[in-house]
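Listed below, chain by chain, are the residues.
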Amino acid sequence: MSDQILMKGNEAVGEAAIIAGCRYYFAYPITPQNEIPAYMAKRLPEVGGTFLQAESELAAINMVFGASAAGARAMTSSSSPGISLKQEGISYIAGAELPCVIVDMMRGGPGLGNIAGSQADYFQATRGGGNGDYRVLVIAPASVQELADMTVKAFDLADQYSIPVMILGDGFLGQMSEPFTLPKPSGKNFKKPWALTGAKGRKPNIIASMRLTPEDLLEKHNLKLQKTYQEIEANEVMYESYLLDDAEYVIVAYGTSARISRSAITELRKEGIKAGLFRPLTLWPYPYKELKAVSERAKKVLTVEMSLGQMVEDVRLAVQDDAKIDFYGRTGGMLPVSEEIIRKVRSYGG
Amino acid sequence: MEAKTADFKYVYDRPKSLVDVPTHYCPGCGHGIVHKILAEVIDELGIRDDTIIVAPVGCSVLLYNYIDVDGCEAAHGRAPAVATGLKRVHKDKVVISYQGDGDLLAIGTGEAIHVANRGENITTIFMNNAIYGMTGGQMAPTTMENQITKTTPYGRDTSDVGFPIRGCELVNTLESPVFIERCAVYDVKHVLKTKRAIKKGLQNQIEGKGYSFIEVLSMCPTNWGISPVKSAEWVKEVMEPYYRLGNFRDL
C-alpha cells in the first residue's frame, strides 16, 4: 500500500507517459482533459522534455506527426470535439505508419455538447473520422490505475506496430482521483531505422502516405497496413471477465459504464441472479471471439454505454443472435444508473 | 586549331544534393529553379547530412524526390506543425518547410502565422505563383485582382473574395522572425538573389537565430495559360508591383 499515490486520472496519464519515455507532448486546451497539458507543462521540462501548447488541435496532431517522424515517442491529448479536428492528422499518421499515443477523454456531444463524461465517440475512436483504410488501436481503461498502466503499454504497442494508439477515457475517468501504483517502464527498446535524423551515411529516409506511381501502388501499401492490423487482431485483444463462468446474463460494458455495471452485478448476485461482466479493454481490436463464446452460454446479453448505442453494434457482430441482445444507455453526459441495470436484468428472468 | 582538354575548366555541374531524376514540373515552372538553388545552397553549406525537408500538398508535394536529404510529407497546410515537431526533437538539424500559396495562406494560415510567431528555428520557403497548380488552376489567396482562374472565371472580384494576401507583410507584423525577404525567379539576376536569401535563411537556422521566411514569386505557365516567357514577364509586370520585392527584416 505504501507505494500508492493519489492523482487524478488525467495527471496519471501524464506521469505514465513520462515513465514510458515520452518527452514530446503537444496539445490544445479542452475540458475535461486540461489537467494533462497542465501536468505536462510542469513536468516535462523537469525531465528534459518538450511541452508545446499548439495553436490548434490540427497543429498539435501534426506536431506529433513531426516528432514521431523524427523517431521520438510523442503524445497528444484532447476530448471529443478536439479529436474530431485531429482526424485528418490521425489518418496521415496511420498512412505514414508512424507510432504515437492519442488520449481522448470523451465528453458529451454532438457539437460543443457539454463537458461531462460520455462514451458517444466509440464510433469515432474505433471507426475513425479520418479518410482511408486504416485502424487505430483503441484501449479503454476503467480506473486511474489502468489509465496509467495502459498509457505505458500504449507507447509500446504504438512502437511495436508503428500505428497510432488511442487511450479512450471519459471526463469522469479523467477527473476522478484514485490511489494507484506508478507503473514501471517496460524496458522495451524499439529500433526506428525509418526515422528522419539527417541522411548521414545512408540514403534519405522519406516519410509519406502518398503513393502515386504504379510501382509504388497504394493498394500494395494498404495491404501491408492490413497485414499489420491482422497481426494486432490476432495478438493484442484485451478484455476482462467478471463472474462469467456461470453467467446467464452477460453485461457488456467498458470504461466508466463497466464500473457501474460491476456494482449492479454485485447486487444481482446477492439476489441469486447469475449476472456477469464482459469488459473489452481493447475496443479495436474488439474481442469478438471471446464475447461470442461467453454469449453462447448466456440467455441475454445487455450492453451498457454512455451513448445511445454504439459499442452495441460490435456486440451484435460478436453475438450474432439479435434475440439475445438488449441495450441500456444514457447520453449527453449522464451516467447509467445501477438500479436501472438491475431492473432490466431482473426482468429477463420473469 | 584543336582545343586541348586542359584548356577547359569545369565550371558547372548538377548540385550533388539534387537527385538525377526526370522532372514532373511543367515547362517554365518556378519550382524546378528553386529546388535547384536549394540543392546548391545545401551543397555550399555542407548540410546534406543534417537537413530534413517538409514537403507540402501542392505541385511540390514530391519535393523529397528531388533533394537528396531526409524528407517528410505534411497534410495540406500543416507543414509548419510537422516541421515544428521535427525541429523540437532534432534541434541540431536543419529543417525546411517548403510551402505553396494555398498551403501557407489559405488552409494553413494558422500554422504559418504561429510557427513564425514562436520564432521556431526553421526556414520557410514560400512559393507564391498566384494560383493553385496541382488541382488545375483555382484561385489562390495570392491570386491577383481580376486574374482569371478556374474558380474566378470572371476575374478575381475583390469586393467578393477580398484582396490578394501579402505573406511577407503579414509575417512582418510579428516580433519573432529574424529574416523576411520576398524574391522572384523570373530572370538570372533574381534567381541569384533568391539563392542568397535562401542561403541566409538556412545560415540563420544553423546559427540558431530563429525563424526565416523567404517568399518567392514564381511562374505557373500551365495554369496561367500563357507561355513560359510571357509568364516570366507577368510576374515582373503584374505581380511585382503588388508584391514588393526586397528584404523586410534581417536581424
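One can find the structure itself at the top, above this paragraph.
Residues numbered from 1 in each chain as written. Chains lettered and ligands numbered in written order. Predicted model: local features only at pLDDT ≥ 70, side-chain atom pairs only at ≥ 80, totals over all residues.

The helix and strand inventory of chain A stands at 12 helices and 15 strands. Expressed along its principal axes, the backbone C-alpha trace of chain A runs to roughly 75 × 50 × 40 Å. Taken over 350 residues, chain A has a buried fraction of 55%. The long-range share in chain A, meaning contacts at least 24 apart out of those at least 6 apart in sequence, stands at 78%. (Helix = DSSP H or I, 4+ residues; strand = E, 2+ residues; numbered from the N terminus. Buried ≥ 20, exposed ≤ 12 C-beta atoms within 10 Å, placed from the backbone. Contact = placed C-beta atoms within 7 Å.)

Let us look at the interface of chain A and chain B. Taken residue by residue, the interface counts 34 residues in chain A and 28 residues in chain B. If you list the elements that add at least two residues to the side of chain A that touches chain B, you get β3 (50-53), α3 (57-69), α4 (80-95) and β9 (206-207) of chain A. Per element, the largest residue contribution to the side of chain A that touches chain B is 9 residues, and it comes from α3 of chain A. Inspection of the sheet shows β9 of chain A paired to strand β2 (residues 70-73) of chain B by 2 bridges, in the parallel sense. Pairing of Ile-207 of chain A across the sheet is with Cys-72 of chain B, part of β2 of chain B. (Pairing = 2+ DSSP bridges.)

All names here are of chain A. With respect to topology, 7 strands assemble into an open sheet ordered β3-β2-β4-β5-β7-β6-β13, the strand pairing being mixed. Unpaired on one side and paired on the other, β3 and β13 (282-284) mark the two borders of the sheet. Each adjacent strand pair in this sheet contributes to an overall mean axis angle of 20°, direction not counted. When strand β2 (residues 24-27) meets β3, the two strands line up parallel, connected through 4 bridges. What sits directly across from Tyr-24, in β3, is Thr-50. α4 contacts β4 (74-78), β5 (100-106) and β7 (164-170) of the sheet and is inclined by roughly 160° relative to β5. Against the sheet, helix α6 (residues 144-161) makes contact with β5, β6 (137-139) and β7, and its axis sits at roughly 165° relative to β7, the strand it touches most. (Axes fitted to C-alpha atoms, helices over the stretch in contact; angles between N-to-C directions.)

With that settled, consider the sheet that holds strand β14 (residues 300-305) of chain A. All names here are of chain A. Strand order in the open sheet formed by 5 strands is β10-β12-β11-β14-β15, with mixed pairing between adjacent strands. Two strands lie at the open edges of the sheet, namely β10 (239-242) and β15 (325-329), each paired on one side alone. The sheet shows a mean angle of 20° between the axes of neighbouring strands, direction not considered. Where helix α9 (residues 255-270) meets the sheet, it contacts β10, β11 (249-252), β12 (275-280) and β14, and its direction lies at approximately 165° from that of β12. Across the sheet, helix α10 (residues 288-296) touches β10, β11, β12 and β14, and the angle it forms with β11 is around 155°.

A separate point is unusual backbone geometry. Residue Pro-110 of chain A is bonded to the preceding Gly-109 of chain A through a cis peptide linkage, with omega at 5°. Following the sequence through the fold, Pro-110 of chain A ends up in the loop between β5 and α5 (122-127). Residue Pro-285 of chain A is bonded to the preceding Trp-284 of chain A through a cis peptide linkage, with omega at 0°. The topology assignment puts Pro-285 of chain A in the loop between β13 and α10. Unusually for a residue other than glycine, Ser-162 of chain A sits at a positive phi of about 50°. As for its position among the elements, Ser-162 of chain A is in the loop between α6 and β7. Its identity is not glycine, yet Asn-146 of chain B carries a phi of approximately 70°, on the positive side. Examined against the element boundaries, Asn-146 of chain B turns out to sit in the loop between β4 (123-128) and α5 (158-161).

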